[in-house]
Amino acid sequence: MTGIALVLHQFRYDQRVFWRNPASVFFTVMFPVMFLVLLGVIVHGQTIHTKGGIDATTYFVPAVITLAVVSATMVNLAMSLTILREGGVLKRLRGTPLPSWVFIAGRIGNALVTALLMFVLVTALGRLLFGVPIPWSRLVSLVITLAVGSASFCALGVAMTTIIPSREAAPAITNLIVFPLYFLSGVFIPEGEIPSGALHVADAFPIRHLFDALLAGFDPATGGAGFELGQLAVVAAWGVFGFVVALRRFRWEPRI
Amino acid sequence: MSYGDLEAVRGIDLEVAGREIFAFVGPNGAGKTTTVEILEGYRERDGGEVAVLGVDPADAGRRWRQRIGIVLQECNMQPELTVRESLELYAGYYEAPRSVAETIELVGLEGAADQRAARLSGGQRRRLDVALALVGDPELLFLDEPTTGFDPSARRQAWEVIASLRDLGKTVFLTTHYMDEAQALADRVAIIVGGAIVAEGAPGELGGRSVRATSISFRLPAGVLTADLPAEVAEAIGGGARPAVNAEVELRTEHPVAVLNALTSWALARDLELGGLEVRRPSLEDVYLELTE
């Protein structure tokens, strides 16, 4: 098989693995959907006083998309690659003729497809359940934001495996990193209710910038095509950082 | 090959012929895995020459990996995939793979082909492991402690699979710390202790096994003393017998037929039963224990 055919071959099996793993399906698919429904029911009809006032359900659709994209890419890769590394599966793969880049590409392809699927699912549910308008006129910028964000968080996920020492530590370390950032970035709590000091902390990290770029896409008050180049630049810079760390430090053999 | 100040293996001189099953035996920490990982291309070595299928594993590429199959110490597979799917996935990595159905049959997993790896028993998982190494149709297979931690029936099944590799014309490099495994499977055995090879040869001849004394042991009936035994037997006891405990007698002889004949004729003539009568050649295990002590 050629490189691309081999990537597709790997991707097909990675998809099966993903959908058969209850933990990955719950955290990546069910959890964001549950969150959208709960938040939507609670805040329906309210207005969030940020960016000149925005309908609360419209605010939480891009928030839940942020959650889902980070789960599908960074969290998912950090956990699954660590588990495969510690179980010796990666070491075993290194003993086959499969080029390492093909394996990583297959896994990243899997994460990107899942992230795109979650974007479509959450947007559609927001429209169906809570009447949140689909921002057709800013769809191009939203898809680009999604692509830059997913790719960057994939790189960060691969990089994160280098600081996770064991299978058992994987959920603790990844959640310890993402959960405080979700809160500080306004993903779980409306931005207007977060002290500005906390927002400044979140500003140093990519989750808030991804969320802001997606929020601009969904906010009906946004003028023009909705490109948020500044936000995307921060996300992409983190992505490049993750890529360099992954390239230099990613390990194929178990630590123990 | 060394770790800091500790030299893991030194001066190992090995040659494995094509189409043979070669067993590399030694206690834990003897350097087995270090050696096999150098041969598999996982580890860099500090010195020495290594050629596997004519190529130095340290700079071997994908082409070389097409020709080898590796089974590591632990079972490593994707738990969510079924036996068939795992094999299809791996088959895609190779240019000329073996048929998946045929490989499943070869390791005897027909009944579990559509079961996920997570639900297989330990023995079945190991067979899937071997199947994954075989599906690329390699010339050479590395099996690192393939049956460690198995129950006896799972071991038997794994042995059957490994023995069948010989019929396929594969070369097998097997590491183990079970002597009976080496004895049952290998054409040739090398024993490694403390990073160096202490013996090498066919399992039947290792450590001069074929010319060593045979041991005969039995229990004397109550009231019968060793002094009552016939001369040939008493002589054998005198020459290197262990002291009789609870009338248990163990002796070693280089003429087991003559000694046994004298002993059993003597017992029959007196209508005595010799409990626990046993005749044993020194096992590979005895040789191994002697060499590794």
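Everything numeric in this text was worked out from a predicted model, so none of it was measured.

**Q** It is not clear to me how the overall build of chain A should be interpreted in this structure. Could you clarify?
**A** A tally of regular secondary structure across chain A gives 10 helices and 2 strands. For 256 residues, the compact-globule formula gives about 18 Å, and the C-alpha radius of gyration of chain A, at 18 Å, lands near that figure. Projecting the C-alpha coordinates of chain A onto the three principal axes gives extents of approximately 55 × 35 × 30 Å. The 256 residues of chain A split such that 56% are buried. Taking the contacts inside chain A whose residues are at least 6 apart along the sequence as the reference set, 79% of them involve residues at least 24 apart. Surface exposure of chain A reaches about 10700 Å², of which carbon and sulfur atoms provide 72%.

**Q** Teacher, can you tell me more about the environment of A:Val122 here?
**A** All names here are of chain A. Locating Val122 in the fold gives a position in helix 5 (residues 100–130). Distance from Val122 to Val29, taken between C-alpha atoms, is 9.6 Å for residues 93 residues apart in sequence. Contact partners of Val122, with chain neighbours within four places excluded, come to Leu36, Val61, Val64 and Ile65.

**Q** Explain unusual backbone geometry here, please?
**A** Leave glycine aside and you will find that most residues have negative phi; peptide bonds, for their part, are mostly trans. Residues and elements named next belong to chain B. Its identity is not glycine, yet Leu53 carries a phi of approximately 55°, on the positive side. On the secondary structure map, Leu53 appears in the loop between helix 1 (32–40) and helix 2 (62–65). One non-glycine residue, Glu145, adopts positive backbone phi at about 45°. Within the element layout of this structure, Glu145 appears in the loop between strand 5 (140–144) and helix 6 (152–167).

**Q** Any chance you could explain the layout of surface pockets here in plain terms?
**A** Empty space among the atoms becomes apparent when a probe as large as a water molecule is rolled across them. There is about 950 Å³ of room inside the largest pocket. Lining the largest pocket are 44 residues; nearest its centre among them are A:Ile83, A:Leu84, A:Glu86, A:Gly87 and A:Arg167. Secondary structure elements with two or more residues in the lining of the largest pocket: helix 1 (3–20), helix 2 (22–43), helix 3 (56–86), helix 4 (89–94) and helix 5 of chain A together with helix 1 of chain B. The dominant element in the lining of the largest pocket, judged by the number of residues it contributes, is helix 3 of chain A, at 9 residues. The class makeup of the residues in the lining of the largest pocket is 19 nonpolar, 13 polar and 12 charged.

**Q** I would appreciate a short explanation of the environment of A:Asp14 in the present structure.
**A** Residues and elements named next belong to chain A. Looking at the secondary structure, you find Asp14 in helix 1. Considered as a pair, Asp14 and Ile104 are 90 residues apart in the sequence and their alpha carbons are 11 Å apart. When sequence neighbours within four positions are dropped, the list of residues in contact with Asp14 reads Gly106, Arg107 and Asn110.

**Q** How do you make sense of a nonpolar patch on the surface when you look at a structure like this?
**A** Taken together, A:Phe26, A:Phe27, A:Met30, A:Met34, A:Leu38 and A:Ile42 make up a surface patch of nonpolar side chains, about 590 Å² in accessible area. Taking the relative accessible area as the measure of exposure, A:Leu38 reaches 47% and is therefore partly exposed.

**Q** Just to check I follow, could you spell out the nonpolar core for this structure?
**A** Here is a general trend for soluble globular proteins: nonpolar side chains tend to be buried in one another's company. Formed by 67 residues in total, the largest nonpolar core has its most connected members in A:Phe103, B:Val25, B:Leu87, B:Leu128, B:Leu143 and B:Val189. Look past the residues within four positions of B:Val189 in its chain and what remains in contact with it is B:Ala23, B:Val25, B:Ala182, B:Ala199, B:Glu200, B:Gly201, B:Pro203 and B:Leu206. A:Val29, A:Ala72, A:Met160 and A:Ala169 belong to the second-largest nonpolar core, a separate cluster that totals 52 residues.

**Q** Would you explain the packing of aromatic side chains in this entry?
**A** Centre distance and the angle of the planes are the two values used to describe a pair of aromatic rings. Considering all chains together, one arrives at 21 aromatic pairs over all chains under this definition. With 6.1 Å between their ring centres and 45° between their planes, A:Phe26 and A:Phe31 make a pair best called tilted. Consider the rings of B:Phe22 and B:Phe173, whose centres lie 5.5 Å apart with planes at 25°: the pair is stacked. Residue B:Phe22 is located in strand 3 (residues 21–25), and its partner B:Phe173 is located in strand 6 (residues 171–176); the two are separated by 151 residues in the primary sequence. Residue class for B:Phe173 comes out buried when judged on its relative accessible area of 3%. An aromatic cluster of at least three residues, connected via ring pairs, comprises A:Phe26, A:Phe27, A:Phe31, A:Phe35, A:Phe179, A:Tyr182, A:Phe183 and A:Phe188. It is A:Lys91 that lies over the ring of B:Tyr42; its NZ or CZ is 5.1 Å from the centre.

**Q** Even after reading the chapter, I still don't get empty space enclosed by the protein, so can you show me in this structure?
**A** Within this structure, the stated rule accounts for 3 cavities of 30 Å³ or more. Considered as a void within the structure, the largest cavity measures approximately 100 Å³ in volume. In terms of lining, the largest cavity is formed by 15 residues, of which the most central are A:Val89, A:Leu93, B:Gln78, B:Leu89 and B:Tyr90. If you tally residues by element for the lining of the largest cavity, the top one is helix 3 (residues 83–91) of chain B, at 3 residues. Taken together, the residues of the lining of the largest cavity break down into 9 nonpolar, 4 polar and 2 charged.

**Q** Explanation requested: the interface of chain A and chain B in the structure shown.
**A** Where interface size is quoted, it is often the accessible area lost as the parts come together. At the interface, 24 residues of chain A touch 26 residues of chain B. Together, A:Arg20, A:Arg92 and A:Pro97 form the three largest contributors to the area buried by chain A at its contact with chain B, with a combined 33%. Scanning the region where chain A abuts chain B turns up 4 salt bridges. The closest approach of N and O atoms between A:Arg16 and B:Glu85, which form a salt bridge, is 2.8 Å. For the pair chain A and chain B, the interface holds 16 residue pairs in polar contact (both at pLDDT 80 or more). Class assignment of the residues belonging to the side of chain A that touches chain B gives a composition of 10 nonpolar, 7 polar and 7 charged.

About the thresholds
- Residues numbered from 1 in each chain as written.
- Chains lettered and ligands numbered in written order.
- Predicted model: local features only at pLDDT ≥ 70, side-chain atom pairs only at ≥ 80, totals over all residues.
- Heavy atoms only, no water.
- Helix = DSSP H or I, 4+ residues; strand = E, 2+ residues; numbered from the N terminus.
- Rg over C-alpha atoms; globule rule 2.2 N^0.38 Å.
- Buried < 20%, exposed > 50% of the residue type's maximum accessible area, 1.4 Å probe, protein only.
- Contact = heavy atoms within 4.5 Å.
- Areas by Shrake-Rupley, 256 points an atom, 1.4 Å probe, with all protein chains shown as cover.
- 1 Å grid on protein atoms, 1.4 Å probe; cavity = no way out; pocket = protein on both sides within 12 Å on 5 of 7 lines; lining within 4 Å.
- Points joined across faces, edges and corners; volume = space filled by probe spheres on them.
- Nonpolar A, V, L, I, M, F, W, Y, C, P; charged D, E, K, R; others polar.
- Patch = residues over 30% accessible without salt bridge, like charges linked within 9 Å, V, L, I, M, F, W, Y side chains within 5 Å.
- Salt bridge = Lys/Arg side-chain N within 4 Å of Asp/Glu carboxyl O.
- Core = buried A, V, L, I, M, F, W, Y, C linked by side-chain atoms within 4.5 Å.
- Phe/Tyr/Trp six-rings, centres within 6.5 Å; stacked < 30°, edge-to-face > 60°.
- Lys NZ or Arg CZ within 6 Å of the ring centre and 35° of its normal.
- Buried area = accessible area lost by both parts, 1.4 Å probe.
- Polar contact = N/O pair within 3.5 Å; in protein donor to acceptor, adjacent residues only side chain to side chain.

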